[in-house]
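# Observations on the model geometry
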Amino acid sequence: MTRTHPGRFHIAIPGPTNIPERILNAMHISSEDQRNPEIPNLTIPLYKDVKKVFKSENGTVFLFPGSGTGAWESAIINTMSPNEKVLIYRYGQFSHLWADMFKRLGLDTEMVEREWGTGTPPDEVEKTLKNDTHHEIKVVCVTQNETATGVTSNVEDIRKAMDAANHPALLFVDGVSSIASIDFRMDEWKVDCAISGSQKGFMLPSGMAIMCVSEKALAAHKKAQLKRCYYSWEDQIATNKDGYFPYTPQIPMLRALQESCNMLFEEGLENVFNRHHRIAEGVRKAILEGWELNLCAKDRYWYSDTVSAIVVPEGKDAKEVLSTAFNKYHLSLGAGLTQVAGKVFRIGHLGDLNELQASAFINGAEMAMIDSGINVKPGSGIAAASEYWRESLNTNYEKFKDNRNTKVA
Ligand SMILES: *Cc1c(COP(=O)(O)O)cnc(C)c1O
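These numbers were taken from a predicted model, which means no experiment stands behind them. (Residues numbered from 1 in each chain as written. Predicted model: local features only at pLDDT ≥ 70, side-chain atom pairs only at ≥ 80, totals over all residues. Heavy atoms only, no water.)

### Notes on the site of the ligand
This is how the line gets drawn: Whether a residue is near a molecule or strand depends on its heavy atoms: it is near if one of them lies within 4 Å of it. In protein, a polar contact means a hydrogen-donor-capable atom and an acceptor-capable atom, both N or O and within 3.5 Å, with residues adjacent in sequence counting only if both atoms are side-chain atoms; elsewhere, any N or O pair within 3.5 Å suffices. Using a 1.4 Å probe, the Shrake-Rupley method yields the accessible areas, and only the shown protein chains count as cover for residues. Counting from the N terminus, the helices are DSSP H or I runs at least four residues long and the strands are E runs at least two residues long. In the scheme used here, Gly and all other residues not listed as nonpolar or charged are polar, with Ala, Val, Leu, Ile, Met, Phe, Trp, Tyr, Cys and Pro taken as nonpolar and Asp, Glu, Lys and Arg as charged.
Around the ligand, the surrounding shell consists of Ser67, Gly68, Thr69, Trp72, Phe94, Asn145, Thr147, Asp174, Val176, Ser177, Gln199 and Lys200. Taking Lys200, its side chain carries an N or O atom lying 2.7 Å from an oxygen atom of the ligand. Burial of the ligand by the protein chains amounts to 88% of its free accessible area of 380 Å². Here the shell around the ligand takes 3 residues from helix α3 (residues 68-79), the largest share from any one element. Residue composition of the shell around the ligand, by class: 3 nonpolar, 7 polar and 2 charged.

Shown next as structure tokens:
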């Protein structure tokens, strides 16, 4: 974009997110020979570090050129055979697109509609799996964070439901807008394919599919009959074990990913999650208490710590808020997608972000809403958020984090 305005253009979309200077600098390097003998010094420790981000000891990481969508495809074609059955709940544009991909790749897709603003229901998963006595369902899919509606599903609860049903299906989790921002535990939750991309919590440009797969997924891979080529795991495994790739890797991105892991570990993963929660709570105070508007997410159980979707009052147009924010205040807010287009706008609050940056998002969104004829009290958003942040930034943060994902819907 041509810069015609001084100062910072604020990015309040749920990806791509802000790229920290350290990561920009890490990418700014001359070309390197991808077969040079020092490449494994970069890649072997990098695989270990990425696994740590997924909280996995036993998993295998794959880094493909592509994006989150490519990681979805890789998970499917490497573990499944034609017409096998998959269970997926649809409650937003991303879970919709994932279900659509299963269909287009020739899988028997049991897609269950859920109200947008809710997520994957553990109790229904348990019931469905208990009824599947012949174990026809091979994969259960969960979009951990539905970016279109600002809804987080509780993967731990879903794992418990699968265990309660004593069902052997693989568990696939789309963590594109949650991994590295919201707690995720690959091994503890026995996730089989965890899928992410580079441009959200990892704070990188888009262009990389990042995934971690379990030993159980690798066993399924040995029997999987779907055709695959570029995204095949066997080709990666054959070369990755020595620190190389079956084709030319994007080395600047790999160096940037290493810097991203360094930054996440320096802050500490738990601190990263707490920071996301704290910023998100402040944004929610602005929306619910300051502006007295509704979130698309129906209940605290579903609240997302990386993105909030705000419902504009009946008769008002969220698109006008977006265009005013962009043109007048140099702020990119997230659009409402498909079913909620024009009805919601989104504030992405993930990645390289702090409270004062989020304050700019709140202020910009508030001014754009008032310009668009939405009746919110000037200054009310920031008043609510800043009170919360002043308090929660005290050292006794512990007392503020007890209400995450607690109430059952
Ligand atoms: C962004 C996103 C995707 C798509 O990822 P791309 O990198 O755009 O391919 C998939 N799922 C979720 C939940 C997302 O937020």
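### Describing the sheet that holds strand β12 (residues 307-311)
Let me state the cut-off plainly: Strand pairing is assigned whenever DSSP identifies at least 2 bridges connecting the two strands.
Taken in spatial order, the 5 strands line up as β1-β13-β14-β12-β11 in an open sheet, and their pairing is mixed. Lying at the two open borders of the sheet, with one neighbouring strand each, are β1 (10-12) and β11 (294-295). Strand direction decides the pairing type here: β1 and strand β13 (residues 331-335), joined by 3 bridges, are parallel. The partner of Ala12 across the bridge, within β13, is Leu333.

### Brief notes about the pairing of strand β10 (residues 208-213)
Using the following cut-off: Residue exposure (1.4 Å probe, protein chains only): buried if accessible area is under 20% of the type maximum, exposed if over 50%, otherwise partly exposed.
Taken across its 6 residues, β10 has 6 buried, putting it largely inside the fold. Residue alternation in β10 divides its side chains into two sets, Met208, Ile210 and Cys212 and Ala209, Met211 and Val213, and both sets are buried. Summarising the sheet, strand β2 (residues 60-65) and β10 pair through 6 bridges and their orientation is antiparallel. Residue pairing across strands places Thr60 opposite Val213, the latter belonging to β10. Bridge analysis of strand β9 (residues 193-197) against β10 gives 5 bridges, and the strand direction is antiparallel. Bridged to Ser196 within β10 is Ile210.

### As for helix α13 (residues 380-392)
For the record, the criterion: An expected span of 1.5 Å times one less than the residue number is assigned to each helix. Relevant arc is that of directions from the helix axis to the C-beta atoms, nothing else. Whether two residues touch is decided by their heavy atoms; if any such pair falls within 4.5 Å, the residues are in contact.
With 13 residues, α13 should reach 18 Å at 1.5 Å per residue; the first-to-last C-alpha distance of 19 Å fits that figure. Along α13, the residues that are buried comprise Ser380, Gly381, Ala384, Ala385, Tyr388, Trp389 and Ser392. Projected onto a plane normal to the axis of α13, the buried residues spread over an arc of 160° and lie on a single side. Packing partners of the buried residues in α13 comprise α10 (269-290) and α12 (355-371).

### Observations regarding the packing of aromatic side chains
Heads up, the rule is: In summary, the pairing rule links any two rings of Phe, Tyr or Trp, Trp by its six-membered ring, whose centres are within 6.5 Å, and it sorts them by plane angle into stacked for under 30 degrees, edge-to-face for over 60 and tilted for everything else. As a reminder, the over-ring test applies to NZ of lysine and CZ of arginine, requiring each to be within 6 Å of the ring centre and within 35 degrees of the ring normal.
The final tally for this structure, using the stated rule, is 11 aromatic pairs. Between Tyr230 and Tyr231, the ring centres sit 5.4 Å apart and the planes meet at 80°, which makes this aromatic pair edge-to-face. The class of Tyr231 is buried, set by a relative accessible area of 16%. Plain terms: the ring middles of Tyr230 and Tyr247 are 4.4 Å apart, the flat faces sit at 10° to each other, and that makes the pair stacked. Note that Tyr230 is positioned in the loop between α7 (215-223) and α8 (233-240) and Tyr247 in the loop between α8 and α9 (251-267), a separation of 17 residues in sequence. Through successive ring pairs, a cluster of aromatic residues spans Phe62, Phe64, Tyr230, Tyr231, Trp233 and Tyr247. Sitting over the face of the ring of Phe265, Lys52 holds its NZ or CZ atom 5.1 Å from the ring centroid.

### Describing the sheet that holds β10
Defined as follows: What counts as an axis is a line fitted to C-alpha atoms, over the stretch in contact for a helix, and the angles between N-to-C directions run from 0 to 180 degrees.
A sheet is described by the order of its strands in space; here 7 strands give the open sequence β2-β10-β9-β8-β5-β3-β4, paired in mixed fashion. This sheet does not close on itself; its edge strands, each paired only once, are β2 and β4 (108-113). Within this sheet the neighbouring strands show an average axis-to-axis angle of 20°, counted without direction. The sheet contact formed by strand β3 (residues 85-90) and strand β5 (residues 137-143) spans 4 bridges and is parallel. Residue pairing across strands places Val86 opposite Val139, the latter belonging to β5. This element, helix α6 (residues 155-164), spans β5 and β8 (170-174) of the sheet and lies at about 165° to β8.

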